[in-house]
Amino acid sequence: MKNEWPLWEVFIRGQHGMSHRHVGSLHAPDAEMAIKNARDVYTRRNEGVSIWVVEARHIAASSPSDKGPLYEPSESKVYRHPTFFDIPEDVGAM
Amino acid sequence: MYAQMIKTAGTGVKSPEEMTEEERRFQARVDANEKIEPKDWMPEDYRKTLIRQIGQHAHSEIVGQLPEGNWITRAPTLERKAILLAKVQDEAGHGLYLYCAAETLGVSRDELTEQLLSGKMKYSSIFNYPTLTWADMGAVGWLVDGAAIMNQVPLQRTSFGPYSRAMIRICKEESFHQRQGYDIMMKMAQGTPAQKKMAQDALNRFWYPSLMMFGPSDKDSVHSAQSMAWKIKMNTNDELRQKFVDQTVPQADYLGLTVPDDHLTWNEERGHYDFSEPDWSEFYDVLKGNGPCNVDRLTARREAWAEGQWVRDAMLAHARKKAATKVAAE
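Given the structure is predicted, the values throughout are model-derived calculations rather than measurements.

**Student:** What is the right way to look at the overall build of chain B in this model?
**Tutor:** Looking only at helices and strands, chain B features 12 helices and 2 strands. Listed N to C, the secondary structure of chain B is α-α-α-α-α-α-α-α-α-α-β-β-α-α in terms of helices and strands. Taking the principal axes of the C-alpha coordinates as reference, chain B spans close to 70 × 60 × 35 Å. Across the 330 residues that make up chain B, the buried fraction comes to 53%. A fraction of 80% describes how many contacts in chain B between residues 6 or more apart in sequence connect residues 24 or more apart. For chain B, the exposed surface amounts to about 15300 Å²; the carbon and sulfur share of it is 56%. The centroid of the 41 positive side-chain charges in chain B is displaced by 6 Å from the centroid of its 46 negative side-chain charges.

**Student:** Quick question: what am I supposed to make of the packing of aromatic side chains here?
**Tutor:** We describe a pair of aromatic rings using the distance from one ring centre to the other and the angle between the two ring planes. Here the structure, examined in full by the defined rule, presents 13 aromatic pairs over all chains. Measuring from centroid to centroid gives 6.2 Å for A:Tyr79 and A:Phe84, while their planes differ by 75 degrees, and the two rings are edge-to-face. Under the relative-accessibility criterion, A:Tyr79 is labelled partly exposed at 43%. Looking at A:Phe84, the relative accessible area reads 42%, which means it is partly exposed. Taken together through their ring pairs, the aromatic side chains of B:Phe26, B:Trp41, B:Tyr46 and B:Trp230 make up a single cluster. The cationic tip of B:Arg74 hangs over the ring face of B:Trp71; the distance from NZ or CZ to the ring centre is 4.6 Å.

**Student:** Is there a simple way to think about the interface of chain B and chain A in this case?
**Tutor:** Accessible area lost when the parts come together is the quantity often used to give the size of an interface. Facing 23 residues of chain B, the contacting portion of chain A comprises 24 residues. A buried area of about 2000 Å², summed over both sides, lies between chain B and chain A, and 51% of it is on carbon and sulfur atoms. At the surface where chain B touches chain A, the tally comes to 7 salt bridges. Here B:Asp90 ties to A:Arg45 by a salt bridge, and the two come within 2.5 Å at their closest N and O atoms. The set of elements that each furnish at least two residues to the side of chain B that touches chain A consists of α4 (78–103), α5 (109–117), α7 (161–189) and α12 (294–329) of chain B. When residues of the side of chain B that touches chain A are assigned to their parent elements, the largest contribution, 8 residues, is made by α4(B). Residue composition of the side of chain B that touches chain A, grouped by class: 7 nonpolar, 4 polar and 12 charged.

Reading guide: rules and limits
- Within each chain, residues carry numbers counting from 1 in the order of the written sequence.
- Working convention: letters from A go to chains and numbers from 1 go to ligands, in the order in which they are written.
- Under the rules for a predicted model, residues below a pLDDT of 70 receive no local features and side-chain atom pairs below 80 are neither given nor counted, while totals for whole chains, interfaces and linings still include all residues.
- The basis for every side-chain value is the complete set of heavy atoms in the structure, and neither hydrogens nor water enter the calculation.
- By the criteria applied, helices consist of DSSP H or I runs no shorter than four residues and strands consist of E runs no shorter than two, each listed in order from the N terminus.
- The buried label goes to any residue with under 20% of its type's maximum accessible area, the exposed label to any with over 50%, and the partly exposed label to all in between, with areas taken from a 1.4 Å probe on protein chains only.
- Working rule for contacts: check all heavy atoms of both residues, and any pair within 4.5 Å makes them a contact.
- Each accessible area value is a Shrake-Rupley result obtained with a 1.4 Å probe; residue values ignore everything except the protein chains displayed when judging cover.
- Charge assignment: positive for Lys and Arg, negative for Asp and Glu; neither His nor the chain ends contribute.
- Charge positions come from single atoms, namely NZ of Lys, CZ of Arg, CG of Asp or CD of Glu.
- Stacked, edge-to-face and tilted are the three classes for Phe, Tyr and Trp ring pairs, Trp counted by its six-membered ring, which pair at centre distances within 6.5 Å; planes under 30 degrees apart are stacked, over 60 edge-to-face, the rest tilted.
- In our convention, an over-ring charge means Lys NZ or Arg CZ found within 6 Å of a ring centre and within 35 degrees of that ring's normal.
- Simply put, the buried area is the total loss of 1.4 Å probe accessible area from both parts when two parts are fitted together.
- Salt bridges, as used here, are contacts in which a Lys or Arg side-chain nitrogen is within 4 Å of a carboxyl oxygen on Asp or Glu.
- Just so you know the grouping, Ala, Val, Leu, Ile, Met, Phe, Trp, Tyr, Cys and Pro go in nonpolar, Asp, Glu, Lys and Arg go in charged, and all remaining residues, Gly too, go in polar.

Here is the structure:
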């Protein structure tokens, strides 16, 4: 059996009510150690108030080659943006 | 610079006509300052060169802990000890950021470690010099971290996303390292005559090895041109070395210390200092393994790896046993 510790991706919530954000990865034997290591590696200067770790092999990612089919459809739907609609100034703030 | 003499894979810069369609698209993205991410298509030589460069950079951070670790138990005050400990811990962190950037290119952490321990991959020549006095902690922070920052600041804009992000994190923390070093130098230079002498001696010993960190002049190198076209090398070695000298000489003047170079003069016309080249035969000799501490450094890393084996194995065995018990209970 391969004896390299698995790779974990680390997500940290910063101080300011933000969502968790990916900051990097590290190796650890289990989730508990991954959190402890993440504390040492990624929050030495008060960068976080909460840590998530997830084993890298559990992450499913979209493929760069799917970029077209995935994101191009939204390019033609400009009406999804509020600036698409001209509202007369007389109407006031909207 | 923590990565020296990185051999760029491939045959040099190709003209657009010589490139395949994929290579042309890749180069266009790099030229447009788009970041290349791990799953994107990239030339095999780009991948190989980056693994060498990021790997060597990571190894340098890890081995770089050793010369300073030497002084943790002998720091002059508890505060200095705590600061040095924090600095050395940062170096470990920097090594880890870089290893994980390298791993996104398809090399494993253990492979990288094994290549360091077997001598197949190198680390920066600077860490093969000994740290003989407390003033060396000042000189290392001021000069060695100062030289590293020269290289790392532009690398924040490098084309490979994970490398760029690691550099941004590292640069944020690195300036603490240089300032704590200069702080030690100020204290020593303004201290007793014996302390000032110690500071001058540290500058004398670390000046040329610091200039060597940037590597030999690369203006004629085809390989360097390819790395620059890929934006994994942002400046020539000579540009960075000049910048380092221009920035550091006034700092030495402020300390009342003398840079050990009789030919050092301000060149009004160029707007730069003229300075003596380091002894490049010494540089190549250190790279070959003949520096004062090459054997000590690699021995320390090999012993740490071998002696930690049972801990790594035990922790993994414990994690597997716990996972198995959990599954059985469900």
